[in-house]
Amino acid sequence: MAVVILEHAPAGSPVAVGAALAAARLDIRVYRAGEGDLPEDLTGVDAVVVTGGTAGSRSGEGAPAHDAELELLRGALATEVPVLGLGLGAQLLAEAAGGGAPEHPECAAPVSGSDPLFAGMAEEEHHRGHAFRVGASAWGLYCHLEERWSGLLPARFAELVAGRAEHTATRAFFTRRADAWEERFAYQTPAYEAAVARMGLRRGQTAVDLGCGTGRAMPALRAQVGDEGAVLGLDVTHAMLAAAARIGRAATGRLLLADCARLPLRPASVHGIFAAGLLDHLPRPRTALLEWARVSAPDGALLLFHPAGRAERAARHGRPLSPDDPLAEPNLRPLLDATGWRLTTYDDADQHFLARAVLAR
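Rules used throughout
- Residues numbered from 1 in each chain as written.
- Predicted model: local features only at pLDDT ≥ 70, side-chain atom pairs only at ≥ 80, totals over all residues.
- Heavy atoms only, no water.
- Salt bridge = Lys/Arg side-chain N within 4 Å of Asp/Glu carboxyl O.
- Helix = DSSP H or I, 4+ residues; strand = E, 2+ residues; numbered from the N terminus.
- Buried < 20%, exposed > 50% of the residue type's maximum accessible area, 1.4 Å probe, protein only.
- 1 Å grid on protein atoms, 1.4 Å probe; cavity = no way out; pocket = protein on both sides within 12 Å on 5 of 7 lines; lining within 4 Å.
- Points joined across faces, edges and corners; volume = space filled by probe spheres on them.
- Nonpolar A, V, L, I, M, F, W, Y, C, P; charged D, E, K, R; others polar.

Peer 1: Looking at this structure, how should I read the pattern of salt bridges?
Peer 2: A side chain with one charge may pair with a side chain of the opposite charge, provided their charged atoms come close. Counted according to the given criterion, the structure contains 11 salt bridges. For Asp179, the salt bridge goes to Arg246, with nearest N and O atoms at 2.6 Å. In this pair, Asp179 is assigned in helix α5 (residues 178-184) and Arg246 in helix α8 (residues 238-246), connecting sequence segments 67 residues apart. Classification of Asp179 by relative accessible area gives exposed; the value is 65%. The exposed category is assigned to Arg246, whose relative accessible area is 55%.

Here it is in structure tokens:
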């Protein structure tokens, strides 16, 4: 995991951010304003920290920030890469977020006592009105921290960065591709329809397109469960869900922002889960399968799908098939058995991969 630290003159951070991030085993890349180019994109970046003196202390007060700095921060906000702005960095964060004066950005909200980063600190008179939050993953503090907080804040931020790293990488990858995703892969729609047809769902049931992206499976799922059934499209990337809504997928089902390993669904409430290109990209597939079993009704169906077979995908990436691939049948079958599923179909063809399992209850 890598954290970009952008330092401004007056040099130095008001807190020992670098030490805390290093202690959390995060790779730190330090850039000083005006000395070297910033990263062109956020690939491989798990957080951005912008530091400096207190807001308004930079040379030429009121001068606009460099375009590259604002672009980096805007990209981080769009993809929910965690951002921490301190002193001058808070002012730059507010400018990047847009709206209102930098000292009082309309798009920002004061932090509360339950905020994961500033809990406790914001209640102190010295910090009241100086700390703010933008969206779900960016925080700013205009003033210097009291000495007793100078170790806690960066430690909390490092913990938050590490805990979100998986989702940060996913969002950074898919956000940049969301607008073109549907058009680029429209030719795969018939393969998705054929795969959904093998789920065996009935009218009136509830189906989930898990890691739905632009929701390519949702129309076929709706056709199976009928108007009286329910279709949910869940994804962890805002931009993909926004793209799904733009092309009308909200008319076929409900779109939800959710972690596939922590579903906002009741136990035994789902009759079919469709997961395309998902399981083998998860760091903890066993945890995900247990969660999918939790929300599935007795005899609920799980369909793991990809519009290309394992051998074809390996060849496309110039690598051999890995014996550790969780989708290889010798690995997948015991994994499913251990998490409450029973494999009923395993079809690894040239043109698709498909594995169907039912909840063994």
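Peer 1: Looking at this structure, I do not really get unusual backbone geometry. What am I missing?
Peer 2: Note: most peptide bonds trans; most residues except glycine with negative phi. Its identity as a non-glycine residue notwithstanding, Glu80 has a phi of 60 degrees, on the positive side. Relative to the helices and strands, Glu80 resides in the loop between α2 (67-79) and β4 (83-86). The class of Glu80 is buried, set by a relative accessible area of 12%. The backbone phi angle of Ala268 is positive, close to 55 degrees, even though this residue is not glycine. The exposure class assigned to Ala268 is partly exposed, which follows from its relative accessible area of 37%.

Peer 1: What exactly am I supposed to notice about the layout of surface pockets here?
Peer 2: A probe matching the size of a water molecule, rolled over the atoms, marks out where space remains unfilled. Of the volumes computed, that of the largest pocket is approximately 1500 Å³. Looking at the largest pocket, it is lined by 50 residues, and the ones nearest its centre are Phe174, Trp181, Gly277, His281 and His306. Those elements that place two or more of their residues in the lining of the largest pocket are α4 (152-175), α5, α6 (189-197), β13 (270-276) and α10 (310-316). Here the residues of the lining of the largest pocket are counted per class, giving 22 nonpolar, 13 polar and 15 charged.

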